[in-house]
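Working through the structure, step by step
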Amino acid sequence: MPAADLLITGARVRTLDPARPEATAVAVRGGTIVGVGDAEDLRELKGAGTEHLDLGGAATLTPGLTDAHSHPVWGLEMATGVDLTAVRDLDRLRAALAAAPRTEGWVLGWGLDHNAFGDRPVDHTLIDEALGGAPAFIRLYDGHSALASAAALERAGITGPRTFAQRSEVVCDPGGRPTGHLIEHAAMDLLTPFLPRPSLAERRAGLVGLLSAMAATGLTGAHVMDLGDGSVPDLLAAVEDDTDLPVRLRLAPWCMPGVDKEGLEELVRLQSRAGRLWRVGGVKFFMDGTVEGGTAWLEHADCHGQGTEAFWPDPAAYTEAVAQLHRAGVRTATHAIGDAAVRHVLDTVESLGESGRLCHRVEHIETVPHEIAERFVRLGVIASMQPTHSAYTRADHTDAWSRRLGDERAARAWRCRDLRDAGAYLALGSDWPIAHYDVRQVLATARLRRLPGAYDTEPVAPEQALTGLMALEGCTSHAAVAAGEQEVAGRIAPGYRADLTAFGLDPVDAPADELGEAPVRLTVTGGRVTHRG
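Residues numbered from 1 in each chain as written. Predicted model: local features only at pLDDT ≥ 70, side-chain atom pairs only at ≥ 80, totals over all residues. Heavy atoms only, no water.

Observations concerning the overall build of the chain
Definition in use: Helix and strand definitions follow DSSP, with helices as H or I runs of at least four residues and strands as E runs of at least two, each counted in order from the N terminus. To get the radius of gyration, use the C-alpha atoms; to get the globule rule, take the number of residues to the power 0.38 and multiply by 2.2 Å. Accessible area is worked out with a 1.4 Å probe on protein chains only. A residue is then buried under 20% of its type maximum, exposed over 50%, and partly exposed in between. Reported accessibility uses the Shrake-Rupley method at a 1.4 Å probe radius. Residues are deemed covered only where the shown protein chains occlude them.
The secondary structure content of the chain amounts to 18 helices and 25 strands. Its C-alpha atoms give the chain a radius of gyration of 23 Å, near enough to 24 Å, the size a compact globule of 533 residues would have. By its C-alpha atoms, the chain is 80 × 50 × 50 Å across when sized along the principal axes. In the chain, which comprises 533 residues, the proportion classed as buried is 60%. Approximately 20100 Å² of the chain is accessible, and the part contributed by carbon and sulfur atoms is 50%.

Section: the pairing of strand S18 (residues 283-286)
Keep this limit in mind: Strands pair, by our definition, only if DSSP identifies at least two bridges between them. Crossovers are described as right-handed under a simple rule: with the strands pointing away from the observer, the path leading from the first strand over the helix to the second runs clockwise.
Residue alternation in S18 divides its side chains into two sets, Val283 and Phe285 and Lys284 and Phe286, and both sets are buried. The sheet contact formed by S18 and strand S19 (residues 332-336) spans four bridges and is parallel. The residue bridging valine 283 from the neighbouring strand is threonine 332, located in S19. Crossover connection from S18 via helix H9 (residues 315-327) to parallel S19: handedness right-handed.

A look at the side chain of arginine 440
Keep this limit in mind: Here a polar contact is recorded for every N or O atom pair within 3.5 Å, except that within protein the pair must consist of a potential hydrogen donor and a potential acceptor, and residues adjacent in sequence are included only if both atoms are side-chain atoms. Whether two residues touch is decided by their heavy atoms; if any such pair falls within 4.5 Å, the residues are in contact.
Note on placement: arginine 440 falls in helix H15 (residues 439-448). For arginine 440, a relative accessible area of 14% gives the class buried. Among the polar contacts listed, one links the side chain of arginine 440 to the backbone oxygen of alanine 518, at a separation of 2.7 Å. In contact with arginine 440, not counting residues within four places along its chain, are Thr217, Phe503, Leu515, Gly516, Glu517, Ala518 and Val520.

Focus on the sheet that holds strand S4 (residues 25-29)
So the rule is basically this: Angles shown run from 0 to 180 degrees and are taken between the N-to-C directions of axes, each axis being a line fitted to C-alpha atoms and, for helices, limited to the stretch in contact.
On the basis of which strands lie adjacent, the open sheet formed by four strands has the order S5-S4-S1-S6 and mixed pairing. The open sheet has two free edges, formed respectively by strand S5 (32-37) and strand S6 (51-54), since each of these has just one partner strand. Pairs of neighbouring strands in the sheet enclose a mean axial angle of 15°, with direction left out of account.

Re the side chain of arginine 409
The cut-off we apply is this: Positive charges are assigned to Lys and Arg, negative charges to Asp and Glu, while His and the chain termini are left out of the count. By definition here, a salt bridge exists when the distance from a side-chain nitrogen of Lys or Arg to a carboxyl oxygen of Asp or Glu is within 4 Å.
Structurally, arginine 409 can be placed in helix H13 (residues 407-410). Aspartate 339 is the oppositely charged side chain nearest to the buried, salt-bridge-free arginine 409, at an N-O distance of 5.2 Å. At 2.9 Å, the side chain of arginine 409 and the backbone oxygen of alanine 301 are in polar contact. Leaving out residues up to four positions away in the same chain, arginine 409 has contacts with Leu298, His300, Ala301, Asp302, Thr367 and Trp401.

Some details on the nonpolar core
Operational definition: Take the buried residues of types Ala, Val, Leu, Ile, Met, Phe, Trp, Tyr and Cys, join any two whose side-chain atoms come within 4.5 Å, and each joined set is a nonpolar core.
Within the largest apolar cluster, 94 residues are counted, with the highest numbers of intra-cluster contacts made by Leu249, Phe285, Met287, Val342 and Phe376. Among the elements that line this core, the one with the most residues is helix H10 (residues 339-351), at six residues. For leucine 249, the residues in contact, after removing those within four places along its chain, are Pro72, Leu211, Ala222, Val224, Leu236, Leu277, Trp278 and Arg279.

Regarding the pattern of salt bridges
Within the structure shown, the criterion is met by 42 salt bridges. Residue aspartate 242 is joined to arginine 204 by a salt bridge in which the shortest nitrogen-to-oxygen separation is 2.1 Å. In this pair, aspartate 242 is assigned in helix H7 (residues 232-242) and arginine 204 in helix H6 (residues 200-215), connecting sequence segments 38 residues apart. The exposure class of aspartate 242 is exposed, given its relative accessible area of 58%. Its relative accessible area of 25% is what places arginine 204 among the partly exposed residues. Across the pair glutamate 485 and arginine 250 runs a salt bridge, and its minimum N-O distance is 2.9 Å. Here glutamate 485, found in the loop between helix H17 (477-482) and strand S23 (500-503), pairs with arginine 250, found in strand S16 (residues 248-251); they are 235 residues apart in sequence, far enough to count as distant.

Thoughts on unusual backbone geometry
Each neighbour pair has its own omega, and for tryptophan 432 with proline 433 the value is 10°, a cis peptide bond. You can see proline 433 is positioned in the loop between strand S22 (426-428) and H15.

Remarks on H10
Stated formally: Helix span is expected to be 1.5 Å times the residue number reduced by one.
Taking 1.5 Å as the rise per residue, H10 with 13 residues should run 18 Å; its terminal C-alpha atoms sit 18 Å apart, in good agreement. Within the span of H10, buried status applies to Asp339, Ala340, Ala341, Val342, His344, Val345, Leu346, Thr348 and Val349.

Some points on H15
Counting buried positions along H15 yields nine of ten residues, so the element is predominantly enclosed. Along H15, the residues that are buried comprise Val439, Arg440, Val442, Leu443, Ala444, Thr445, Ala446, Arg447 and Leu448. Arginine 449 occupies a position one or two residues after H15 and carries a positive phi of about 65°.

Topic: the packing of aromatic side chains
Selection rule: The rule is short: rings of Phe, Tyr and Trp, with Trp giving its six-membered ring, pair when the centres are within 6.5 Å, and they are stacked under 30 degrees, edge-to-face over 60, tilted in between.
With the rule as written, the count across this model stands at nine aromatic pairs. Their ring planes at 85° and their centres at 5.1 Å tell us that phenylalanine 285 and tyrosine 318 sit as a pair that is edge-to-face. Here tyrosine 318 lies in helix H9 and phenylalanine 285 lies in strand S18, a separation of 33 residues in the sequence. Members of the aromatic cluster, connected to one another through ring pairs, are Trp74, Trp254, Phe286 and Phe311.

Comments concerning the pairing of strand S21 (residues 382-385)
Looking along a regular strand, one sees the side chains alternate between the two faces of the sheet. Burial along S21 is two-sided: Ile382 and Ser384 and Ala383 and Met385, pointing in opposite directions, are all buried. Bridging between strand S20 (residues 360-364) and S21 involves three bridges; their strand directions are parallel. Bridged to valine 362 within S21 is alanine 383. Taken together, S20, helix H11 (residues 371-379) and S21 constitute a β-α-β crossover, and its handedness is right-handed. Summarising the sheet, S21 and S22 pair through three bridges and their orientation is parallel.

Here you go:
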C-alpha cells in the first residue's frame, strides 16, 4: 500500500462518521483521507516521505470547518477604509471620520452599526462638518445600505430619487433632498464608478492574506455568496498560478431581478468554472433586504410602515428563475430575512416537487413563526444562519432591528434550535464582513447567543442556543449537505477530503467562552497544512 503524505496522531478525533465516531489517528494521501484509527492501525501507511504530526494528546481533531456564508473577495472591497464596527454613537463617528485617512481624497468606512444614529434618521448632515468637505462613502454593517456625504452625492450627480429594477432607494427627505442614505445594491452602485479601487496586485495580496487569517481560526472552506463584479474567477486563477489557496472556496454568482433567458443560461455555464481549490457552485438570489433598512419582506408592515414588498418586484419571476436553474441541475441559495420572504422561497421549492429536496437553501432567516421550521424539514430545504449577527440586537429589544419589528417578531430572532430540533439541516457561517470571519466566534455564539467574552451582555433568545455538537455540525457535516458535498466532505472517513481542523480544546465539550479564543493547533486543506499553532 502506498505511503501516506501526512499522518496525524496523538489527537482525539471527532470524525462525525456514524460508522466510527472517534479515533486517535488520521492518514492522508493525495488530498484524501486514506486511513482513520489509532497509530498502530495506520503504522503501515507511514513511509520515508510521510510527514508525521504528533499532537501529543492535547488536541481535538475535527472535520475541516466551513464558513457556510461569507464574502472573502467582495468583502475586501466592502471592508475598505476606517473600521467603524466599534462606533456606538454620533460623537465617536464624527471623531473617527475626522481622523480617517484620505484615499485619493475620499473618506471610506465600513461596519457602521445603525444603532450609532440613535433615533435620528441616517443623514449626511450629521457627518458633513467632520469631513471638512471630503467626499465620503460609509457602508453600514448590514452590507445592504450606505451613507454618502454631500460631496459624494454631488460627484455622483445624485440630486433626487431614482427608479430601479429591483427594490432599492435613494432616500430623500419630504422636500426631495437626498439624505445620503442609500438602501440596497442598485442604489449603492451609483457611487461605485467614483470610488477608489485597488490594483489587481493589491487585490491578490489582500485575498491571500485574508484567507490565511481565516485558516488561522480553523477554517478550511467557505461558501462564497457572490462572484463580485464577475472578475473573481480570473482573480482566483491568477492567485493559483503562484500559490495554493489557504481556504477552499465554493462561489455562487448573483441572479438579480430582470434576468432574461440568456442571463440564466450564462449562470448555468458559469458552473463549469473551477480551479484546484475553488469552483463556481450554485446561484445566489435575494428575496428581500434587511430589517434595519426597511426592506425585509414581512407578512405585516414593520413599525415604520415598511417591509411589505419583495426585492423582486414580481416574486413569480423569482420562482420561474429558480425552476429554470433547478431543471439545469443548479443549486440555489436565497437571501430571505423576513417571514414573507422565507415563506415565498419555501413555496417555490415546494413547487419543484420531490426533486427539490436538499438542493436549495435559505440564507439568514432572522424572524419566522414557529410553523416555518417544520416546512424546512418536510421540503428538505437547508437553513443557513449566522449566529454572530445576533450581536447587533439586544435582549431588551432596544436596538434598531428589534424596534423595527416590535416585540412579538423580535422574540422570534434566529430560531436555530427550533430548526435543529425539528430535524432541519442547519449550516452556520459569519457573513464576513458583516460579522467577523473567526469561526470560533461562530461556534461559541451559536451556543451562547451572545459574543464570547461579552459577560455583561444578556443572551438574545437563549432558548435558541445550540449544543456544542450541533454547532460543530453546522460548520462541518451540515455545511457539506448545504453544498451537496455530503459524500466527500463534512466527516473524517476514508475517501473524504483531507480538510481537517485541530483545536487545543474540545469544541464540543469545552465552555463556549473558552472556545471563542481556543488555540488552533492545525488547519489542513486538501491535505496541505495551511496553519500550525
